[in-house]
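Structure assessment
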Amino acid sequence: MNALILEPHLARADDFYQALIDAHRDLSDDESAALNARLILLLANHIGDFEVLSAALAEARVDARPEAGSDAQSTA
Amino acid sequence: MEPRAAPALGYRRSPDQDAARVARHDVIVVGAGPVGLCTAIDLAQRGIKVLLLDEDDSLATGSRAICFAKRTLEIFDRLGCGERMVDKGVSWSTGKVFFQGELLYTFNLLPEGGHRRPAFINLQQYHVEHYLIERASELAGLEMRWKERVTDLESREDGVEVRVSTPEGDYRVRCDYLVAADGSRSPLRRALGLEARGHTFRDRFLIADVRMKAPFPTERWFWFDPPFHRNQSALLHRQPDDVWRIDFQLGWEADPIVEREPERARARVRAMLGDDVPFELEWVSVYTFSCVRMERFRHGRILFAGDAAHGVSPFGARGANSGIQDAENLAWKLAAVLGGTAPEALLDSYDAERGAAADENIRHSTRSTDFITPKSRVSRLFRDATLRLASRHSFARQLVNSGRLSTATTLADSPLNTPDVEAFASPLAAGSVCADAPLTAAHGPSWLLECLGGAFTLLVGVGRDQSATLGARVARLRAELPGVRVLLVGAAGSGSYDASQERVTRVEDSEGLVEKRYDLQYDTCYLVRPDQHVCARWRSTQPAAIRAAYRRALGYPAAEGTV
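Everything quoted here is computed from the prediction, not taken from an experiment. In this numbering scheme, every chain counts its residues from 1 along its sequence in written order. In the order they appear in the text, chains get letters beginning with A and ligands get numbers beginning with 1. Reporting in this predicted model follows two pLDDT cut-offs: at least 70 for local features of residues, and 80 or more for side-chain atom pairs to be given and counted; totals over whole chains, interfaces and linings ignore these cut-offs and use all residues.

**Structural notes on the nonpolar core**
In this structure, Leu178, Val179 and Leu303 of chain B are the most contacted members of the largest nonpolar core, which totals 128 residues. Think of it this way: any DSSP run of H or I at least four residues long counts as a helix, any run of E at least two long counts as a strand, and we number them from the N terminus. The greatest single-element share of this core, amounting to nine residues, is contributed by helix H8 (residues 320–338) of chain B. Each of two domains, domain 1 (15–89 + 123–194 + 294–366) and domain 3 (438–553) of chain B, supplies a minimum of three residues to this core. We call two residues in contact when the distance between their C-beta atoms, placed using the backbone, is within 7 Å. Not counting residues within four places of it along the chain, the set of residues in contact with Leu303 of chain B comprises Tyr177, Val179, Ala180, Phe297, Arg298, Leu330, Leu347 and Tyr350 of chain B. Nonpolar cores are built from buried Ala, Val, Leu, Ile, Met, Phe, Trp, Tyr and Cys residues. These are joined into a set through C-beta atoms within 7 Å. In this scheme every C-beta is placed from the backbone, and a residue whose C-beta has 20 or more other C-beta atoms within 10 Å is buried, one with 12 or fewer is exposed, and one in between is partly exposed. Residues Ala37 of chain A together with Ala234, Ile246 and Ala385 of chain B belong to the second largest nonpolar core, which totals 29 residues. For each domain, the first and last residues come from an automatic or database assignment.

This is the structure we're talking about:
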């Protein structure tokens, strides 16, 4: 099984973070949400591995709501 | 609505009504829609005495099923009416998806040749019922009674007794098994206190059948947010007789009474076609869709099939097509149980197999409907992001879901399967429906599915072997497997003939496609069920293993220590 990488893995981490914030500059909340949706779909296709994506969804869900997070983890 | 050239259906008094003792039939099928008719025809072809009852005496009206899938056509072939359906129907394999007036992508549902039937035909349900009724009326042992409604039924240890209401009063009649194919509102389901559960989508759709001369090609066209119907979707299908099916998504707030008004519907069609295309409305209706199923399809001697057992939204054409697969799954099993070659437990596999198929159809249909009608703001956000990306990037096109169109269900987890123990370079593992292929039979060019027919068959690769050793081996197989036909598939140029042995046929793999699609090497064999699903395959013909798989496919418990 391919595991979700949770240790540092990003090349140029600070530059990426800045680019992510910059990408949303001048956008309304709705436009930002749409951009994020497109970004997720683009990255998901690049990753391609369903197990990795499921693990990422579960991990992201952990902080969404405490009780929901533990559920998502147990089914990941 | 123009009157249909309908076959003569009408109430006629039957001897059962005046019989001193309650008459008994092998099987009673309730509901003469496509599913009930297919069940009755299949049973009658297998020598079962069938009584088909319908409360009405007319064909389906208006916009109902129109897309009949390749597997359904193959079943119609086996039932003796495929050619007629395909001749009248409009064949298609290509679909196009548009987003805001721009073509997003084109898909082909049957990209390879060497199949007798196309991916789909479009044909109005009333034509399908008409041809099925004509076929049914040719069969001895199949009796159709119209304007006869089952008002009560009682399931007993040894059969089912029903009370039937007719224009001339009630009578009672019995059967060994009863098939309830009485539609989504199934009065029989209700009479038994049973339910089909699931959920209804909060959206409404206008469905219009329009008669016109139009230049559109014979393709399925689906629009997301088209210029002529903003923020909603639309679907266009061609039918025979210059009739076109158009679906307009309306949204949950739409008033179904107002939307049904012809002038209102005409305006929507005009917006789509332009002002200069003359058309007439043949049928208009406003629908909501549900995805539901019964928990179990078998209740003792009563079996539910088609819409009575399960329902889906129309995106994917999984309603009638899955119901007709129910019919074919059930018919051979009932015939085997009634004929004494299988235990009654075989009927439980109908529930297991077709229940799994219903779950698959509901899953696909629900996902399509959720894509077309997003349930939440975020769902809408991702849907629109997908469509936006799909116009530029091919990866996003595979996420666009305007309906995942019906294909034959693979019964992968069936208890009747014997799993592979050897490696195959072919996806046709146990549970798969057999892939068709052209071949040459003794009577001339033919098709694999035609040669498989409707009986248990062992498909064996024999290459160029014409030897006496092969003859002896086949004779032994025949002796060990009394219920199984043997279909020998020889290499191109090796000849085809009706072998002198009974239940043995030899055909020629004239284009090499059987070998390719089945990875059919010398002595490789496939055991095929009466519904043309694979139940097991091996690299060599070992009678003991084949016999064990055959018994398993008939629902017998695994024999201990004999294999």
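The rest of the description comes next.
**What to know about the interface of chain A and chain B**
At the junction of the two partners, chain A supplies six residues and chain B supplies nine residues. The nonpolar class holds Ala, Val, Leu, Ile, Met, Phe, Trp, Tyr, Cys and Pro. Asp, Glu, Lys and Arg form the charged class, and all remaining residues, Gly among them, are polar. Tallied by class, the residues present in the side of chain A that touches chain B amount to four nonpolar, one polar and one charged.

**Digging into the sheet that holds strand S21 (residues 310–311) of chain B**
All names here are of chain B. Here a strand pair is declared whenever DSSP counts at least two bridges between the two strands. The strand order across the open sheet built from three strands is S12-S18-S21, with neighbouring strands paired in antiparallel fashion. The sheet is open, and its two edges are formed by strand S12 (196–200) and S21, each paired on a single side. With five bridges joining them, S12 and strand S18 (residues 290–294) adopt antiparallel strand pairing. Within the sheet, the bridge partner assigned to Gly198 lies in S18 and is Val292. Packing of helix H9 (residues 346–372) onto the sheet brings it into contact with S12, S18 and S21, and relative to S18 it is tilted by some 170°. Axis lines are fitted to C-alpha atoms, over the contacting stretch for helices. Their N-to-C directions set the angle, which ranges from 0 to 180 degrees.

**A few points about the sheet that holds strand S7 (residues 120–122) of chain B**
Residues and elements named next belong to chain B. The strand order S3-S7-S4 describes an open sheet built from three strands, whose pairing is antiparallel. The open sheet terminates on both sides in strands that have one partner only, identified here as strand S3 (67–69) and strand S4 (90–92). Each adjacent strand pair in this sheet contributes to an overall mean axis angle of 30°, direction not counted. Here helix H2 (residues 70–78) sits on the sheet in contact with S3 and S7, set at roughly 75° to S3.

**Observations regarding the domain arrangement of chain B**
Residue and element names in this part refer to chain B. Domain boundaries assigned for chain B yield domain 1 (15–89 + 123–194 + 294–366), domain 2 (205–288) and domain 3 (438–553). Centre-to-centre, using C-alpha coordinates, domain 1 lies 32 Å away from domain 2. Taken together, the contact between domain 1 and domain 2 spans eight residues of the former and nine residues of the latter. Looking at the side of domain 1 that touches domain 2, its residues break down into three nonpolar, four polar and one charged.

**Some remarks on the pairing of strand S26 (residues 504–509) of chain B**
Residue and element names in this part refer to chain B. Here S26 lies mainly inside the structure; six of its six residues are buried. Alternating positions in S26 separate into two faces, Val504, Arg506 and Glu508 on one and Thr505, Val507 and Asp509 on the other, with burial throughout. As defined by bridge partners, strand S25 (residues 485–491) adjoins S26 across six bridges and the pair is classed as parallel. Note on S26: the bridge partner recorded for Leu488 is Arg506.

**Concerning the confidence of the model for chain A**
Any residue range with low pLDDT should be treated as having predicted coordinates unsuitable for detailed reading. Residues and elements named next belong to chain A. Confidence scores here are pLDDT values: one per residue, from the predictor, ranging 0 to 100. Residues of chain A with pLDDT of at least 70 account for 84%, and the chain-wide mean is 88. Of all the helices and strands in chain A, helix H4 (residues 66–75) carries the lowest mean pLDDT, 47, while helix H2 (residues 29–47) carries the highest, 98. Long-range and interchain partners of residues 69–76, a stretch whose pLDDT sits below 50, account for 12 contacts in this model, where long-range means more than four residues apart.

**Overview of unusual backbone geometry**
Residues and elements named next belong to chain B. Positioned with a positive phi, Asp225 is a non-glycine residue whose angle comes to about 50°. Tracing the sequence through the fold places Asp225 in the loop between strand S14 (220–224) and strand S15 (233–239). Here Asp225 falls in the partly exposed class, since 17 other C-beta atoms lie within 10 Å of it. Of note in this structure, Asp523 is not a glycine but carries a positive phi near 75°. Position of Asp523 relative to the elements: it lies in the loop between helix H14 (513–518) and strand S27 (525–528). When the 17 C-beta atoms within 10 Å are taken as the criterion, Asp523 is described as partly exposed.

**Digging into the pairing of S18 of chain B**
Here S18 of chain B pairs with S21 of chain B via two bridges, running antiparallel. Residue pairing in the sheet places Val292 of chain B in a bridge with Gly311 of chain B of S21 of chain B.

**A short note on the packing of helix H1 (residues 34–45) of chain B against H8 of chain B**
All names here are of chain B. Packing of H1 against H8 leaves a shortest axis separation of 8 Å and a crossing angle of 25°. The angle between H1 and H8 places the two elements in the roughly parallel class. With respect to the hand of their crossing, H1 and H8 are arranged in right-handed fashion. Judged by residue contacts, Pro34, Val35, Cys38, Thr39, Asp42 and Leu43 of H1 engage Ala320, Gly323, Ile324, Asp326, Ala327, Glu328, Leu330, Ala331, Leu334 and Ala335 from H8. Classifying every residue of the contact of H1 with H8 by side-chain character gives 11 nonpolar, two polar and three charged. In this scheme, roughly parallel covers angles under 35 degrees and roughly antiparallel covers those over 145, while 65 to 115 is roughly perpendicular and the rest are oblique. Two helices cross in a left-handed way if the nearer one is turned anticlockwise from the farther one by less than a right angle. They cross in a right-handed way if the turn is clockwise.

**As for the packing of H2 of chain A against helix H10 (residues 377–390) of chain B**
Running from amino to carboxyl end, H2 of chain A crosses H10 of chain B at an angle of 65°, the nearest separation of the two axes being 9 Å. The two elements H2 of chain A and H10 of chain B cross, and the hand of that crossing is right-handed. Between H2 of chain A and H10 of chain B, the contacting residues are Ala33, Ala34, Ala37, Arg38 and Leu41 of chain A on the first element and Leu381, Phe382, Asp384, Ala385, Thr386, Arg388 and Leu389 of chain B on the second.

**A few points about H1 of chain B**
Residue pairs spaced three or four apart in an α-helix point in one direction, given the helix's 3.6 residues per turn. All names here are of chain B. Across its 12 residues, H1 extends 16 Å between first and last C-alpha, which sits within 8% of the 16 Å expected from 1.5 Å per residue. For H1, the tally of buried residues reaches 12 of 12 residues, placing the bulk of the element in the interior. Along H1, the positions that sit buried rather than exposed are Pro34, Val35, Gly36, Leu37, Cys38, Thr39, Ala40, Ile41, Asp42, Leu43, Ala44 and Gln45. Immediately beyond the C-terminal end of H1, within one or two residues, lies Gly47, with a positive phi of roughly 85°. Helix span, as expected, comes to 1.5 Å for every residue beyond the first.

**With respect to the environment of Gln100 of chain B**
Residue and element names in this part refer to chain B. If you trace the backbone, Gln100 turns up in the loop between strand S5 (94–99) and strand S6 (102–108). Expressed as a C-alpha distance, the spacing of Gln100 and Ala44, which sit 56 residues apart in the sequence, is 51 Å. Apart from residues no more than four positions distant in its own chain, Gln100 is found in contact with Asp225, Pro226 and Pro227.

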